[in-house]
Structures are given as structure tokens and as C-alpha cells.
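# Structure assessment
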Amino acid sequence: MQIFRKGADTTARVLLVLGALTPLAGVGFAYAFHRASYTTGDARTPRQPVPFSHAHHVGGLGLDCRYCHTSVEKSRFAGMPPTETCMTCHSQIWTNAAMLAPVRESLARDEPLRWTRVYDLPGYVYFDHSSHVNNGVGCTTCHGRIDRMPLTRQAAPLTMAWCIDCHRDPTKALRPKNAIFDLGWTPPKDQDEQGARLAVRYHIRLRHLTDCSTCHR
Amino acid sequence: MRRTRLRTTPPLVGLAVATLLLAGCSGSMVDQKRYRTFEKAALWRDHSEARQLPDGTVAQSDRDRTAAIETPPPVDAALLARGQERYAIYCAPCHGLGGDGDGMIVQRGFPKPPSYHTKRLRAAPARHVFDVITNGYGVMYSYAARVPPRDRWAIVAYVRALQMSRNAQVADLPNAREKLP
């Protein structure tokens, strides 16, 4: 007596193989999903209460980052400009622009503007601007060509792999002190040599840069 | 046939779904129950994480700060270099790199500040420039929050250097006469 159909053996084998592959594919998909810009927020442009443009203020007017992000060389936090900083100019120019109404309201009500975070690390990660800016890593290495962004866009994935990639070998990104705020900086042809020399000058200790406790403390 | 599929498929589907769900895991460690710098804070009436000092607080560094305001640091090459850098960040947008009052923001319609190369400002004491940075002047806002006292003196020294660059007497420069053709 025939209980199974003729192809049953083949079907069972195919199903077994598929059964073995599904979790692998699942892991693969999950990994791809984890790394995709959709998840990491790379290239995300959040909405802001005022359509502030770095392209106009930095690219067009040539303002230095530190005019607004005052504490970037001194502390962990780069610092966000208080409304008063906008008013150093906008008390006299573009005073009636509708676009700037929230800025004037913020000043009148003495309440800070609520910018939406663009770069946002999870709470369990420790990051410090001053350690980077004073040790040869420039703004554009992590924030991209912000002087060309009409609205601020996230220009790096901010995954652990991204940080570690540089922490294993920062020499490829190191710049001389006077080029940290230079938006057009590109690595010179002999960056390998220059970077190695700069790493010595900045006293960068490679060994401890990949310790878990450097970023998770 | 039917029995084979029934036995293997459901656990596999379950496993696949569980794997996918894991990817979306984001425990409370991502958003920890603490206020980050400048975060909105419901706890206080002004909804600001950054707390104001209570009235009458005396900071440990207050005496150093007062001293830094009262006594200018000695002028050397390092102080001038610092002044040049800080001037380019905070003053040049309006006063221009040369101090003529023709910076980029003025070109876009901001009221034109006086040139540093006028008799009045050349004769003004260094303390006047320091006070303008600290308190503002007319339509110019105060830069005290962004420029600490030592940097203010560095900027003052650089402004003096700018003024000198256009109004130096040959007699003021040591050995300059011999070097001129």
C-alpha cells in the first residue's frame, strides 16, 4: 500500500534544507535591517521649529561653528545656540520674516527653542566632542559637508562599527590643528605618513581606544 | 506529506519571526531615565534641565574670574595668536578681518560698526574695548557668555595690533630704519 505520494521524499528534503536555511536568512535579514540607513537614521533630515540653514549661515555667510556651538572645544557637549545668539544678528536683520517668528516668540516668552535632535546616540554610549576636536578629528569627518545642507541631515550611521572603524586606526582621519574647522579639508596624498606623525603629536593611545569602557561607562 | 509540513513549518515560522523581532529590540537602556544636556525637563517649573544657580551663590572660581577681568594677562605671541583666532570667530562677521567694519553680516544689512582705525577708537583705552565685549554697545550685543575674560583680553590685544598695523611710526619699531631701503 502506498501512503505517501511519489515526490514526498523530495518535498521532505527540500523542506528540511529550507528549515535549516530559514533562521540563517532571518539572521541575515535582521543584520541587514540593523545596518540599513532606515534603522540607523543615516541621511535622516528631521523637521525643525525654524528651518535653520547651515548652507546660508556657514556656507554663505562664512560663520565659524564656534560662534554658535561655543563649547565644542571645551566639553562633551557641542552646545546649542541660545535664542540670544540668533538675536545678535536677527535683532537688526530679517526682523519681520515669518520664518523667524518662533525665534522672536522664544525671546519674548523667555523659553528656549526646542530643536529636534539630528545626531542622537543611545543613552548607554558616552561621547565627548572635546576629545575628538582637540585630537585631530574635524567636524566634517562625522557631520559631513554641513555648509551645503539647507536643513541639517544626519551624515553618519552612528553605529558601533562606525566608531570602532576609526578607533582601530584613526590615522586616516587625523588633521593638523588649524584644519579642524576647515570644511573643505580632504586627506592629502601622503595621509598615511602625515596621520602617523599627527598621531604621535596628539599622543593618541591606540590600545585603549577600543576598550568597551571607553564608550560604555 | 501534510504531516511533514505541519510538524516543521510552525516552529520555523516562529523562529524567523522571533529573529526579526529581536532586531527591533530597544530596551530602556537606549532611553535612560536621566536628563541629558539641555533636555526638556518636566520636573521643574521652567521645564529646563539646566538649573539656574540660586541667588547669592558664589562659585569657587569667582575670585579667579574677577582677577582675570581686572588684570590683563602679559601680551606675548601666544596671546596675540589666540586673539586673532577668537577675533575671526566672534568679531570678524561684522567688524571685518581688517577691522574696517565691513564684515559679511554688514554687507547683508546689519548696521555698520565704526572702523577701528579712527582717531577716537585708537585713542580709546584697552579697557573700553574689553567693556564693549563684556556689556555690548548700542546695537551690538554682549559677548560675555561666549568669550571668557582671558579671551577678551586676547581679542583686545589683537585689536590693538590691527590698529597699529595701519598707524605705526617708523620710530616705534626697533632697528626698522636700517632695514628700509
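Residues numbered from 1 in each chain as written. Chains lettered and ligands numbered in written order. Predicted model: local features only at pLDDT ≥ 70, side-chain atom pairs only at ≥ 80, totals over all residues. Heavy atoms only, no water.

## Section: the domain arrangement of chain A
To keep things clear, this is the line we draw: Segment limits for the domains were obtained from an automatic or database-derived domain assignment.
For chain A, the domain assignment lists domain 1 (11-40) and domain 2 (69-80 + 118-215). One C-alpha centre belongs to domain 1 of chain A, the other to domain 2 of chain A, and the line joining them spans 35 Å.

## Some remarks on the packing of aromatic side chains
Put simply, the test is: Pairing of aromatic rings covers Phe, Tyr and the six-membered ring of Trp, with a centre-to-centre limit of 6.5 Å; geometry is then stacked below 30 degrees between planes, edge-to-face above 60, and tilted otherwise. Each helix corresponds to a stretch of at least 4 residues labelled H or I by DSSP, and each strand to a stretch of at least 2 residues labelled E; elements are numbered beginning at the N terminus. Note on classification: 1.4 Å probe, protein chains only; a residue is buried when its accessible area is under 20% of the maximum for its type, exposed when over 50%, partly exposed between these limits. Counting as a charge over the ring demands two things of the Lys NZ or Arg CZ atom: a distance within 6 Å of the ring centre and an angle within 35 degrees of the ring normal.
Summed over all chains, the structure comprises seven aromatic pairs over all chains. When the centroid spacing of 6.5 Å and the interplanar angle of 70 degrees are considered together, the rings of phenylalanine 52 of chain A and tryptophan 115 of chain A count as edge-to-face. One end of the pair, phenylalanine 52 of chain A, is in the loop between α2 (37-40) and α3 (54-60); the other, tryptophan 115 of chain A, is in the loop between α6 (101-109) and α7 (129-133), with 63 residues separating them in the sequence. In this structure tryptophan 115 of chain A comes out as partly exposed when scored by relative accessible area, which is 25%. Through successive ring pairs, a cluster of aromatic residues spans Tyr67 of chain A together with Tyr90 and Tyr143 of chain B. The lysine or arginine in question, arginine 66 of chain A, covers the ring of phenylalanine 181 of chain A, its NZ or CZ lying 3.6 Å from the ring centre.

## Considering the nonpolar core
Here is the rule we go by: In these notes, a set of buried Ala, Val, Leu, Ile, Met, Phe, Trp, Tyr and Cys residues joined through side-chain atoms within 4.5 Å is what counts as a nonpolar core. The criterion used for residue contact is that any of the two residues' heavy atoms lie within 4.5 Å.
Core analysis: the largest hydrophobic core is formed by 28 residues, its most contacted members being Tyr87, Tyr90, Ile105 and Ile155 of chain B. When residues no more than four places from it in sequence are discounted, the contact partners of tyrosine 87 of chain B are Ala92, His95, Gly96, Leu97, Gly99, Tyr116, Ile155, Tyr158, Val159 and Leu162 of chain B.

## Considering the pattern of salt bridges
Operational definition: Every case where a carboxyl oxygen of Asp or Glu lies within 4 Å of a side-chain nitrogen of Lys or Arg is listed as a salt bridge.
Counted according to the given criterion, the structure contains 13 salt bridges over all chains. As a salt-bridge pair, arginine 109 of chain A and glutamate 111 of chain A come within 3.6 Å of each other at their nearest N and O atoms. Note that arginine 36 of chain B is salt-bridged to aspartate 120 of chain A, the shortest N-O span being 2.7 Å. Of this pair, arginine 36 of chain B sits in the loop between α1 (2-23) and α2 (62-70) while aspartate 120 of chain A sits in the loop between α6 and α7, each in a different chain. Owing to a relative accessible area of 22%, arginine 36 of chain B belongs among the partly exposed residues under this scheme. Accessibility expressed as a relative area gives 39% for aspartate 120 of chain A, which makes it partly exposed. Linked through salt bridges whose partners overlap, the residues forming this network are Asp64, Arg66 and Glu73 of chain A together with Arg82, Glu85, Arg86 and Asp151 of chain B.

## Let's talk about the packing of helix α5 (residues 83-90) of chain A against α6 of chain A
Residue and element names in this part refer to chain A. For the record, the criterion: Lines fitted to C-alpha atoms define the axes here, with helix axes fitted over just the stretch in contact, and angles between the N-to-C directions of these axes take values from 0 to 180 degrees. The hand of a helix crossing depends on one turn: near helix anticlockwise from the far one by less than a right angle means left-handed, and clockwise means right-handed. Here the term charged refers only to Asp, Glu, Lys and Arg, the term nonpolar to Ala, Val, Leu, Ile, Met, Phe, Trp, Tyr, Cys and Pro, and the term polar to all other amino acids, Gly among them.
Between α5 and α6, the shortest axis-to-axis distance is 10 Å and the interhelical angle comes to 120 degrees. Judged by the twist between their axes, the crossing of α5 over α6 is left-handed. Here Thr83, Cys86 and Met87 of α5 lie close against α6, whose contacting residues are Val103, Ser106 and Leu107. A breakdown of the residues in the contact of α5 with α6 according to their chemical character gives four nonpolar, two polar and no charged.

## Focus: the interface of chain A and chain B
Note the threshold: Buried area, as used here, totals the accessible surface that two parts lose on assembly, with accessibility defined by a 1.4 Å probe and the loss added over both. Nitrogen and oxygen atoms within 3.5 Å of one another constitute a polar contact, given that in protein one can donate a hydrogen and the other can accept it, and given that sequence-neighbouring residues count only through two side-chain atoms.
Listed per partner, the contact involves 40 residues of chain A and 33 residues of chain B. Across the chain A/chain B interface, buried area totals approximately 3400 Å², and carbon plus sulfur atoms make up 65% of it. Broken down residue by residue, the surface that chain A buries against chain B is led by Leu61, Tyr67 and Arg114 of chain A, which jointly contribute 16%. In this structure, the salt-bridge partner of arginine 66 of chain A is glutamate 85 of chain B, at a minimum N-O distance of 3.9 Å. Our enumeration of links across chain A and chain B arrives at nine residue pairs in polar contact (both at pLDDT 80 or more). Of all the secondary-structure elements, those providing two or more residues to the side of chain A that touches chain B are α1 (8-35), α4 (65-68) and α5 of chain A. For the side of chain A that touches chain B, the element with the most residues is α1 of chain A, which contributes twelve residues. Tallied by class, the residues present in the side of chain A that touches chain B amount to 19 nonpolar, twelve polar and nine charged.

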